[in-house]
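# Architecture and fold: a report
Spelled out, the chains give:
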Amino acid sequence: MPIMDPILNNPISEGDWVRESGFGRWFLTTDTWFRYVLSEAVCDLKQLLDNRIHGTHQILDAGCGQGVAFELLEEHFHPRTIIGVDIDKEQMRMALEMANRCQCEVKLESGTVCNLNIPDSSIDMIFSHQLFHHVSDQARALEEFYRILMPGGAILISESCRSFIHSFLVRLLFRHPMHVQKTAEEYVELVQSIGFKIDDTDIQTSRPWWSCEDYGVRERIGLPHKQQEVTQILMIARKPS
Ligand SMILES: C[S@@+](CC[C@H](N)C(=O)[O-])C[C@H]1O[C@@H](n2cnc3c(N)ncnc32)[C@H](O)[C@@H]1O
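Here's what I pulled together on the structure shown here. (Residues numbered from 1 in each chain as written. Predicted model: local features only at pLDDT ≥ 70, side-chain atom pairs only at ≥ 80, totals over all residues. Heavy atoms only, no water.)

## Some thoughts on the overall build of the chain
The helix and strand tally for the chain stands at 9 helices and 7 strands. Counting only residues that meet the buried cut, the chain has 51% of its 241 residues in that class. Accessible surface for the chain amounts to roughly 11800 Å². Of this, 52% is attributable to carbon and sulfur atoms. (Helix = DSSP H or I, 4+ residues; strand = E, 2+ residues; numbered from the N terminus. Buried < 20%, exposed > 50% of the residue type's maximum accessible area, 1.4 Å probe, protein only. Areas by Shrake-Rupley, 256 points an atom, 1.4 Å probe, with all protein chains shown as cover.)

## Considering helix α8 (residues 184-193)
Within α8, the full set of buried residues consists of Ala184, Tyr187, Val188, Leu190 and Val191. The buried residues of α8 occupy one face: seen down the axis, they fall within an arc of 165 degrees. Projecting away from the buried face of α8 at angles above 90 degrees are the exposed residues Glu185, Glu189 and Ser193. Among the structural elements, α5 (138-148), β5 (149-160), β6 (203-206) and β7 (232-238) are those in contact with the buried residues of α8. (Arc of directions from axis to C-beta. Contact = heavy atoms within 4.5 Å.)

## A closer look at the site of the ligand
Around the ligand there are 20 residues in total, and Trp33, Gly63, Asp86, Val113 and His129 lie nearest to it. Ile87 is positioned such that a nitrogen or oxygen atom in its backbone is 3.3 Å from a nitrogen atom of the ligand. Thr112 places a polar side-chain atom, nitrogen or oxygen, 3.1 Å from a nitrogen atom of the ligand. For the ligand, the accessible surface in isolation is 600 Å², of which the surrounding protein chains cover 97%. Within the shell around the ligand, the residues separate by chemical class into 10 nonpolar, 8 polar and 2 charged. (Near = heavy atom within 4 Å. Polar contact = N/O pair within 3.5 Å; in protein donor to acceptor, adjacent residues only side chain to side chain. Nonpolar A, V, L, I, M, F, W, Y, C, P; charged D, E, K, R; others polar.)

## Focus: helix α4 (residues 89-100)
Between its first and last C-alpha atoms α4 spans 17 Å; for 12 residues at 1.5 Å apiece the expected length is 16 Å, and the two agree. For α4, the full list of buried residues reads Gln91, Met92, Ala95, Met98 and Ala99. The arc that holds every buried residue of α4, seen down its axis, measures 105 degrees, which confines them to one face. Looking at α4, the residues exposed on the side facing more than 90 degrees away from the buried face are Arg93, Glu97 and Asn100. (Expected span 1.5 Å × (residues − 1).)

## Things to note about the sheet that holds strand β3 (residues 105-110)
Across the sheet, 7 strands lie side by side as β3-β2-β1-β4-β5-β7-β6; this open sheet has mixed pairing. In the strand order of this sheet, the two ends are held by β3 and β6, each with one partner. Within the sheet, the average angular offset between the axes of one strand and its neighbour, ignoring direction, is 15 degrees. For strand β1 (residues 58-62) and strand β4 (residues 123-129), the ladder comprises 3 bridges, and the chain directions are parallel. What sits directly across from Asp61, in β4, is Phe127. Strands in contact with α5 are β1, β4 and β5; relative to β5, the strand with the most contacts, it is inclined by about 145 degrees. α8 rests against β5, β6 and β7 of the sheet, and its axis sits at about 15 degrees to β7. (Pairing = 2+ DSSP bridges. Axes fitted to C-alpha atoms, helices over the stretch in contact; angles between N-to-C directions.)

Functional significance is not addressed by these values, which are geometric in nature.
Structure representation (structure tokens):
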């Protein structure tokens, strides 16, 4: 029996995967996504990482979607190989085009992050951008990430929190497994429960303008903005050496 979205009365869970809406898939191709969501997250995560990983030979782009992060990962982390994995075959077809633009080797695999065809302790860094709020079995995905990371390796996580995913417009336009959404604190607890190490300085929480109910308009025109929960968490989670 599928779980139904209480607002839209749509089925929200089919097995392990809730396919994104057409609008959501289109949004991933926009300049707004690339400039204000993805590129900013890559820069902020790089700053949080603070050069603690030397020589990123293999990066996994987990839930790579259309591969729009490949060139950014190459530019910022200079890997020898990027492995892009996504469950949505249609997105992977578009990722192939982005892979061809890279100088480094890019391998693409279609499938779930809950069961990766990647050897143990073989990956230096995992880039997980806006993935977990799409994954029904988040703990299983994190166990897989722990398995494939080398000791001392890290996941760079950028995630949207429950307050944003549960907001009316997001429910209207996008599709997610609603029963697994988490607050920032709950994401930190989950990642730590798998064995990853996260210090206070590895975490950054925020409310980017695109995640605010008024899209940051009140702040831009100088009005006090409404008290709102954290909508976004960035964190560096390290597998102990
Ligand atoms: C919001 S998109 C982000 C895409 C990409 N990381 C980016 O920033 O452009 C989330 C992606 O996760 C993928 N996804 C959802 N569940 C997945 C799973 N269990 N395994 C692999 N990919 C998954 C979706 O198909 C989608 O491409």
